[in-house]
Amino acid sequence: MKRMTFRISVLAAAIVAAILFVCSPTDSMAQNLNKEAAMKKIADANAKYSDVISPFQQVKKMKGLKNEIVADGTLYFNRATSQLNMQYVKKNQLLITGDKLILINGASRQSFNTKSDAAMKTLKWTLVYCIGGEVSKAAQINNATVNYSESKDYYIFNLLIGKEVKGGWAELELSYSKKDMSLCLMKMVEKNGNYVLYKTPVKEFNAGLPDGIFNN
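What you see is a predicted model, and the numbers here were worked out from it, not measured in a lab.

Rules and cut-offs
Residues numbered from 1 in each chain as written. Predicted model: local features only at pLDDT ≥ 70, side-chain atom pairs only at ≥ 80, totals over all residues. Heavy atoms only, no water. Phe/Tyr/Trp six-rings, centres within 6.5 Å; stacked < 30°, edge-to-face > 60°. Helix = DSSP H or I, 4+ residues; strand = E, 2+ residues; numbered from the N terminus. Buried < 20%, exposed > 50% of the residue type's maximum accessible area, 1.4 Å probe, protein only. Lys NZ or Arg CZ within 6 Å of the ring centre and 35° of its normal. Core = buried A, V, L, I, M, F, W, Y, C linked by side-chain atoms within 4.5 Å. Contact = heavy atoms within 4.5 Å. Polar contact = N/O pair within 3.5 Å; in protein donor to acceptor, adjacent residues only side chain to side chain. pLDDT = per-residue confidence, 0-100.

The next point concerns the packing of aromatic side chains. The description of two aromatic rings rests on the distance between their centres and on the angle between their planes. All chains considered together, the criterion is met by 6 aromatic pairs. Ring centres of F157 and Y176 lie 6.1 Å apart, and the angle between their planes is 75 degrees; on these two criteria the pair is classed as edge-to-face. Placement of F157 in strand 8 (residues 154-160) and of Y176 in strand 9 (residues 169-177) is noted, with a sequence separation of 19 residues between them. Judged by relative accessible area, Y176 falls into the buried class, the value being 0%. Three or more aromatic residues link up through ring pairs in this structure, and these residues are F56, Y88 and Y198. Above the face of the Y155 ring, K178 is positioned so that its terminal group lies 5.4 Å from the ring centre.

Looking now at unusual backbone geometry. With phi around 55 degrees, S82 is a residue other than glycine that occupies positive phi space. By the element assignment, S82 lies in the loop between strand 2 (69-78) and strand 3 (83-88). Phi angles above zero are rare outside glycine, and M181 is one such case at about 70 degrees. Here M181 shows up in the loop between strand 9 and strand 10 (183-190). Overall, the relative accessible area of 7% leaves M181 in the buried class.

Let us look at the nonpolar core. Of all hydrophobic cores here, the largest spans 44 residues; its most connected members are F157 and L159. Considering every element that reaches this core, the biggest residue donor is helix 3 (residues 118-131), with 7 residues. Residues in contact with L159, not counting those within four places in the same chain, are V135, A138, A139, A144, T145, V146, A170, E171, L172 and L174. Among the nonpolar cores identified, the runner-up in size contains 7 residues, and I53, Y76, L95 and I104 belong to it.

Attention now moves to the side chain of T97. Tracing the sequence through the fold places T97 in strand 4 (residues 93-97). A residue is classified by how much of its surface remains accessible, and T97, at 12% relative accessible area, is buried. Polar contacts involving the side chain of T97 include one to the side chain of Q83, which spans 2.7 Å. Apart from the residues within four sequence positions on either side, T97 is in contact with Q83, F214 and N216.

Across the chain, the average pLDDT comes to 88, with 86% of residues at 70 or higher. Every residue in residues 2-6 scores below 50 in pLDDT, and together they form 0 contacts with partners more than four places removed in sequence or on other chains. Overall, residues 16-24 carries pLDDT values under 50, and its contacts beyond four positions in sequence, including any with other chains, amount to 1 contact.

See below:
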């Protein structure tokens, strides 16, 4: 009789545990809900920004170099056309317009077709989606697993890039302001450990862009 009572108690405890497991959200489930909510909040806010102007700082860290390489410039972004111009103080540019991604470095100029060049297609849409607040699309084009966290000032997304993706990165870290939902930090970590960090803390929204800013 005692043995039967013990078995019934064990069975009852197992049933209760199973019910609690099914009915109560796990930590990972709760985190996923928070992640999805933050993504939607960011995407909805950024959808209202037809254009963005922002000073930026680029910080490069490369193996074999003791010091970081720092460059400043201004970023111009148009949502409707997915056009982007990152103009550096030293007159260098990264320009995305139509199906072209153009890199200008002094007198040197390289133009890539973002339809036929898989790596440049990934670069183009990663920049456009991240700046535009579309984290889920940035994750999709990079076949990335997304981890989510928060700090006092930022919603933070860590994208672990699929190994088969043509782009050269292993990881992206995106930090969006809790005040205006805009991208403030984007760290692009390469497979060899080198990284590029973009800082864009101050922005103008919907102010209109300079004429000809995307001319190539």
